[in-house]
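The residues making up each chain are set out below.
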Amino acid sequence: MALLYGLLLLATLSFSHLVAAEMTVTLEEPANDVEAKIAKRLATSPTLKAVTEFINTYFDTPKGVTLSFGSYTRIWHKNRHIEIPYLFIEDTRKHYKNTRFTHKNLDVDTYTGNVLLHVILHEFAHALIAHYNLPVLGKEEDAADTFADVMLIHFFENGSDVVISAADLFFINDKRMRRFVKEDFWSEHSLDKQRYYGRLCNAYGSNPSAYNNIKRQADFDEDKAERCIYQYRQTEHTWLNMLIVAPAFKAGVAIH
Ligand SMILES: [Zn+2]
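Thresholds applied
- Residues numbered from 1 in each chain as written.
- Predicted model: local features only at pLDDT ≥ 70, side-chain atom pairs only at ≥ 80, totals over all residues.
- Heavy atoms only, no water.
- Axes fitted to C-alpha atoms, helices over the stretch in contact; angles between N-to-C directions.
- Helix = DSSP H or I, 4+ residues; strand = E, 2+ residues; numbered from the N terminus.
- Parallel < 35°, antiparallel > 145°, perpendicular 65-115°, else oblique.
- Left-handed = near helix turned anticlockwise from the far one by under 90°.
- Contact = heavy atoms within 4.5 Å.
- Core = buried A, V, L, I, M, F, W, Y, C linked by side-chain atoms within 4.5 Å.
- Buried < 20%, exposed > 50% of the residue type's maximum accessible area, 1.4 Å probe, protein only.
- Phe/Tyr/Trp six-rings, centres within 6.5 Å; stacked < 30°, edge-to-face > 60°.
- Pairing = 2+ DSSP bridges.
- Donors = N, O, S within 2.8 Å, 3.2 Å for Na, K, Ca; no water.
- Expected span 1.5 Å × (residues − 1).
- Salt bridge = Lys/Arg side-chain N within 4 Å of Asp/Glu carboxyl O.

Participant: Can you lay out the packing of helix α3 (residues 46-58) against helix α5 (residues 108-132) for me, pointing to particular residues and giving the numbers?
Facilitator: Remark: α3 packs on α5, axes separated minimally by 9 Å, with the N-to-C direction vectors making an angle of 30 degrees. By the angle between their directions, the pair α3 and α5 is classed as roughly parallel. As α3 runs across α5, the sense of the crossing is right-handed. In this structure, α3 contributes T47, L48, V51, F54 and I55 to the contact, and α5 contributes G113, L117, I120, L121 and F124.

This is the structure in structure tokens:
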């Protein structure tokens, strides 16, 4: 993936003097052929390698974080342990193939890798919030989404494109909804359509001249477009400062 070249250069920094408590990845025994195929893909996934390197280069997680793929029924985080179902990846691929509209015309492997990158960073945000007891004002789920956006946009080359793939995931999920029930409104997650616009707003707001097409596709008026610019600056400033103060970044890592 082209977006990772800049990151991989940064990853050559040496942190050998630090305690090696890192994020580790486990591929659980697949339960069937479909899961086995996904597990095989994950074993050589550049996305998985890059996100693990990013987290282990930049973040200090003294007790470590585990990321497991397996026959789970939902994406889940508890006590620095993240679980992602093999079937989530299969479903992501399937729904993308069946959709007619997306913001970026990507091949299914790139799209699925992008979505996975955003999901892992989202779950890692929960791990950081729990580990460092970070203040959360508003919904933690929204904060986890914006953490993923900011990390991708700030640290990854072409990270905004990954954020736009995450927007496409929420767009597709929204289209698959038949009707809302009360649980959707009391959910700790914002509605898919809100998460969709939130990602596009951050991608556009981070670089308005490069993402004018996103403003058009989302049909943001001038007032909304201005607020996206302000909102992204504020979100990036808040996350980076909170992580510096925690301190969640490894000693010696320069954050610009
Ligand atoms: Zn979450």
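Participant: Tell me about the nonpolar core, residues and numbers included.
Facilitator: If you look at the biggest cluster of nonpolar residues, it comprises 72 residues, and the most contacted ones within it are F59, F69, I120, F147, M151 and L243. Top contributing element to this core by residue count: α5, with 14 residues.

Participant: Let's hear about the packing of aromatic side chains: which residues, and what values?
Facilitator: All told, the structure shown has 16 aromatic pairs when counted by the stated rule. With a centroid separation of 3.7 Å and an interplanar angle of 10 degrees, the aromatic rings of Y96 and Y111 are classed as stacked. Linking Y96 in helix α4 (residues 86-98) with Y111 in helix α5, this pair joins segments that are 15 residues apart in sequence. Grouping residues by exposure puts Y96 and Y111 together as buried. Taking 6.2 Å as the distance between ring centres and 50 degrees as the angle between the ring planes, the aromatic pair formed by Y197 and F220 counts as tilted. Of the two residues, Y197 is situated in helix α9 (residues 192-206) and F220 in the loop between α10 (212-218) and α11 (222-245); the sequence distance between them amounts to 23 residues. Taken together, the ring pairs connect F54, Y58, F59, F124, F147, F155, F156, W239 and F249 into an aromatic cluster.

Participant: So what about the sheet that holds strand β2 (residues 65-70)? Which residues, and what values?
Facilitator: The sheet built from four strands is open, its strands ordered β1-β2-β4-β3 with mixed pairing. Two strands close off the open sheet at either side, each with one partner strand: β1 (23-27) and β3 (76-78). When the angles between neighbouring strand axes are averaged without regard to direction, this sheet yields 15 degrees. Where β1 and β2 come together, five bridges link them in parallel fashion. Directly across from M23, in β2, lies its bridge partner V65. Lying over the sheet, α4 contacts β1, β2 and β4 (81-85), oriented at roughly 45 degrees with respect to β4.

Participant: Let's hear about the coordination of the zinc ion: which residues, and what values?
Facilitator: Between any two of four tetrahedral donors, the ideal angle at the metal is 109.5 degrees; between two of six octahedral donors, it is 90 or 180 degrees. Taken together, the protein ligands of the zinc ion are H122 (NE2), H126 (NE2) and E141 (OE), with distances of 2.0 to 2.1 Å. Between the donor residues of the zinc ion, the gaps in sequence give the motif H-x3-H-x14-E. Of this pair, H126 sits in helix α5 while E141 sits in helix α6 (residues 140-155); the two residues are 15 residues apart in sequence, bridging distant segments of the chain. H126 sits in the buried class, given a relative accessible area of 7%. We classify E141 as buried; its relative accessible area is 11%.

Participant: Give a description of the pairing of β4 that names residues and reports values.
Facilitator: A regular strand carries its side chains on alternate faces of the sheet. Most of β4 sits inside the fold, with four of its five residues counted as buried. Of the pairings in the sheet, the one linking β2 to β4 comprises five bridges and is parallel in character. Across the sheet, residue S68 finds its bridge partner in β4, namely E83. The antiparallel hairpin formed by β3 and β4 contains two residues in its connecting segment, where N79 sits at a positive phi of about 45 degrees.

Participant: Residue-level account of α11, with values.
Facilitator: With 24 residues, α11 should reach 34 Å at 1.5 Å per residue; the first-to-last C-alpha distance of 35 Å fits that figure. Among the residues making up α11, those that are buried are A225, C228, I229, Y232, T235, E236, W239, L240, M242 and L243. On its buried face, α11 is in contact with α5, α6, α9 and α10.

Participant: So what about the pattern of salt bridges? Which residues, and what values?
Facilitator: This model, assessed by the stated rule, comprises twelve salt bridges. The partner of D145 in a salt bridge is R199, with the nearest N and O atoms 3.5 Å apart. Of this pair, D145 sits in helix α6 while R199 sits in helix α9, placing them 54 residues apart in sequence. On the basis of relative accessible area, R199 is assigned to the buried category, the value being 4%. Across the salt bridge formed by D149 and R199, the nearest N and O atoms sit 2.7 Å from each other. Taken together, the residues span a long stretch of sequence, with D149 in helix α6 and R199 in helix α9 at a distance of 50 residues. The burial state of D149 is the same as that of R199; both residues are buried. Each of D145, D149, R195 and R199 takes part in salt bridges that share partners, so that together they form one network.

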